[in-house]
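Residue-level structure breakdown
Next come the chains, spelled out residue by residue.
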Amino acid sequence: MTEPPAELTSQNSNPTQDRQKPTATPEQLVAKSIAPVKPQFLRPPPPRTSQNDTASSTVSDSNNNISKSNTNTTSVVAKEKKSKRQLKRERQQKPEDLEGECPFVDGEGSCCPYGVACRFYGTHKGYDGVRNGKKQLSEINGLNKDVQKLLWKNKMKFLKADSVLKSLGLMGPGKSKVKKVDEEEVEKVFDANDSHGTNENGCGDGGNEPAGKLDCTAEELAGDDVDGTLTDEVRPQKKAKAAVEGNGFSGEEVNGSGIPEKDIEIKCPLETLPELVTDKLEVIADSVETDGSLKLHPREKKLIDFRGKLFLAPLTTVGNLPFRRVCKTLGADVTCGEMAMCTNLLQGQASEWALLRRHSSEDLFGVQICGAYPDTVTRTAELIDQECTVDFIDINMGCPIDIVVNKGAGSSLLTKPMRMKSIIEATSGTVEKPITVKVRTGYFEGKNRIDSLIVDIGKWGASAVTIHGRSRQQRYSKLADWDYIYQCARKSPDSLQVLGNGDVFSFVDWNKHKSDCPELSSCMIARGALIKPWIFTEIKEQRHWDISSGERLNILKDYVRSGLEHWGSDTKGVETTRHFLLEWLSYTCRYVPVGLLDVIPQRLNWRPPSYYGRDDLETLMASDSAADWIRISEMLLGKVPDSFTFAPKHKSNAYDRAENG
């Protein structure tokens, strides 16, 4: 990771030049949702070469040598076409090493898992560069390969989830997407459960059940050829116990499935089974509750006290594991993984399971899942409970994105209260982990409905509910309706914790919401943490932190190091880290330093004008141009590849536009 250059170019010129005289008072600017930057720091907006300059940028060393096409539209610039062999050779050719230290090598003799492919190979000392290192010791919740194969083959059974769904009448004819499990086989599992017991997660080795598609109907799936037979269960003789220091989870070894080995049973290696049996191997869950009297009441579940805790919201794309590590360092108490789609998890998609990974520093961690049907969500919850180490499972019922809503998930569920009931009841009855729910005020603007459901949500089995103070139709436009959040919090039963979400951007906002409504357990912080992750420090220390550009750059360096540990220090890992860093920088450019404002604290809906920072780096960080974000990434990760392009996934600059969802 390189140091910033001593001089930054033209855009960051002397702030004494080209001053822009203020045309309005700070109060007038605030009324127009414009950040009231002090007049001496204002400057004219930089020229734009095109309307898409802030959305994308192309960087290429050969740009200056490309010939411009003639005015004749028929003329075409001839380009040399490379063969497949040339392209393959270029991919295999390793770029020059980057400056800085390898994130995997320390003074204790540890080895880098990427060997000679590492972009910091020059810092490897004491070994020959062979891939003999161990990667990501501090991360858990990986997908077990055997479980993934079962999911791929649609041979995973979820006996516990199906038992609960059946008891609730959600698995009758026409309602189930899979064949029923033979009752005699279920009884065998019950007997085995009585003799062997269950683990602390309330479930055993897992199960096999085909995963239905999110948007398929029961009639469409009725003709599916599903093998409902069960094979004999392979049971171990004893549980394995092992301890490894330094993983951050009570010294217990965590295997590839993400569960401490003291809580799982070792299955027979596939190599020791006859070949025919191996092809048909199915794992049966050995923990299924059959008697309704044995099911835990919601009040008997292990509860999490969210009161007063700083909760980092689950954030799509940018709320990845390296970002959460940064927020933990800066004071966040509770973290949650990115939203994962249930159908993708049930299909064993590795990219979706990566969203569930947990770092050892995340001491209070949950995952968020999103689905449209009770069976899909319930089976996913059982699978996560079996394969992952989490403290709670959050069900997303507020996502406003079209692709999610059109499939009946996310905020679409706000229009189907009976579907909400089925999902929450079935999920809370299947797993012993606390079930939380995230919702919006309603689907349509002006038609709030959570206040009429808040008591029922507690009765259905949810331990906590987070209310985003906007409707689905609003997306992120207008301000969050905190008065309505207060109304819901006062109506909620004592057993249901209510958290508010929306526009928290300073300790002043936090204090106001807590004092205005003592019934509110806590506030969830989302975009405020993306723009300035040190908001958690500000809340805990009750101060406005006038953070310097150097301190902000150090935070970015911590993120890059965590990203290289998470995604890898080879070329692919470096570019993945760069991509997510650029996504994050598309938010951080909205921050206006405290020392530059006439009115503090900054509000989340304020649009920053063009301004000079107190130094060149601060000016560069204030730019909303993707080209400048790329320059910042080059300070940390070296030059970008030729013809590199970047366009933010989220329209973070669209402050009041509905599509910013």
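Let us look at the structure shown here. Bear in mind the structure is a predicted one, so any value in this text is a computation, not a measurement.

Okay, the packing of aromatic side chains next. According to the stated counting rule, one finds twelve aromatic pairs in the structure shown. Between tryptophan 534 and tyrosine 591, the aromatic rings sit 5.0 Å apart at their centres with planes inclined by 90°, giving edge-to-face as the arrangement. Here tyrosine 591 lies in the loop between helix H20 (571–588) and helix H21 (616–621) and tryptophan 534 lies in the loop between helix H17 (527–531) and helix H18 (535–541), a separation of 57 residues in the sequence. Judged by its relative accessible area of 2%, tyrosine 591 falls in the buried class. The aromatic ring of phenylalanine 444 is capped on one face by lysine 447, whose charged end is 5.8 Å from the ring centroid. Between the NZ or CZ atom of lysine 532 and the centre of the ring of phenylalanine 505, over which it lies, the distance is 4.9 Å.

So, about the sheet that holds strand S4 (residues 335–341). Strand order in the open sheet formed by eight strands is S3-S11-S10-S9-S8-S7-S6-S4, and the pairing between neighbours is parallel. Looking at which strands have only one partner, the edges of the open sheet turn out to be strand S3 (311–312) and S4. Sheet topology places strand S8 (residues 435–440) next to strand S9 (residues 464–468); five bridges connect them, and they run parallel. Bridged to arginine 440 within S9 is histidine 468. Running over the sheet, helix H14 (residues 450–460) touches S8, S9 and strand S10 (497–501) and is turned about 165° from S9.

Judged by which residues are buried, strand S11 (residues 522–525) turns out to be covered on both faces: Ser522 and Met524 on one side and Cys523 and Ile525 on the other are all buried. Direction of pairing for S3 relative to S11: parallel, over a ladder of two bridges. Each bridged residue has a counterpart across the sheet, and for leucine 312 the counterpart in S11 is isoleucine 525. Where S10 meets S11, three bridges bridge the pair, whose relative direction is parallel.

Time to look at the side chain of serine 463. When you line up the elements, serine 463 lands in the loop between H14 and S9. Among all residues touching serine 463, those that are not within four sequence positions of it are Leu303, Pro434, Ile435, Ser495, Leu496 and Gln497.

Turning our attention to the environment of aspartate 624. Take aspartate 624: it is sitting in the loop between H21 and helix H22 (626–637). Placed 38 residues apart in sequence, aspartate 624 and serine 586 show a C-alpha to C-alpha distance of 7.1 Å.

Of note, serine 623 is situated in the loop between H21 and H22. What makes serine 623 buried here is its relative accessible area of 8%. Expressed as a C-alpha distance, the spacing of serine 623 and threonine 588, which sit 35 residues apart in the sequence, is 9.6 Å. Only 2.6 Å separates the side chain of serine 623 from the side chain of aspartate 628, close enough to count as a polar contact.

Let us now look at the packing of helix H19 (residues 549–567) against H22. The geometry of H19 relative to H22 is characterised by a closest axis approach of 10 Å and an angle of 65° between their N-to-C directions. Judged by the angle between their axes, H19 and H22 are roughly perpendicular. Note that H19 runs across H22; the crossing there is right-handed. Contact with H19, carried on its side by Leu553, Leu556, Lys557, Val560 and Leu564, involves Ile632, Leu636 and Leu637 of H22 and no other residues of that element. When its residues are assigned to classes, the contact of H19 with H22 shows seven nonpolar, no polar and one charged.

About the cut-offs
Residues numbered from 1 in each chain as written. Predicted model: local features only at pLDDT ≥ 70, side-chain atom pairs only at ≥ 80, totals over all residues. Heavy atoms only, no water. Phe/Tyr/Trp six-rings, centres within 6.5 Å; stacked < 30°, edge-to-face > 60°. Helix = DSSP H or I, 4+ residues; strand = E, 2+ residues; numbered from the N terminus. Buried < 20%, exposed > 50% of the residue type's maximum accessible area, 1.4 Å probe, protein only. Lys NZ or Arg CZ within 6 Å of the ring centre and 35° of its normal. Pairing = 2+ DSSP bridges. Contact = heavy atoms within 4.5 Å. Axes fitted to C-alpha atoms, helices over the stretch in contact; angles between N-to-C directions. Polar contact = N/O pair within 3.5 Å; in protein donor to acceptor, adjacent residues only side chain to side chain. Parallel < 35°, antiparallel > 145°, perpendicular 65-115°, else oblique. Left-handed = near helix turned anticlockwise from the far one by under 90°. Nonpolar A, V, L, I, M, F, W, Y, C, P; charged D, E, K, R; others polar.

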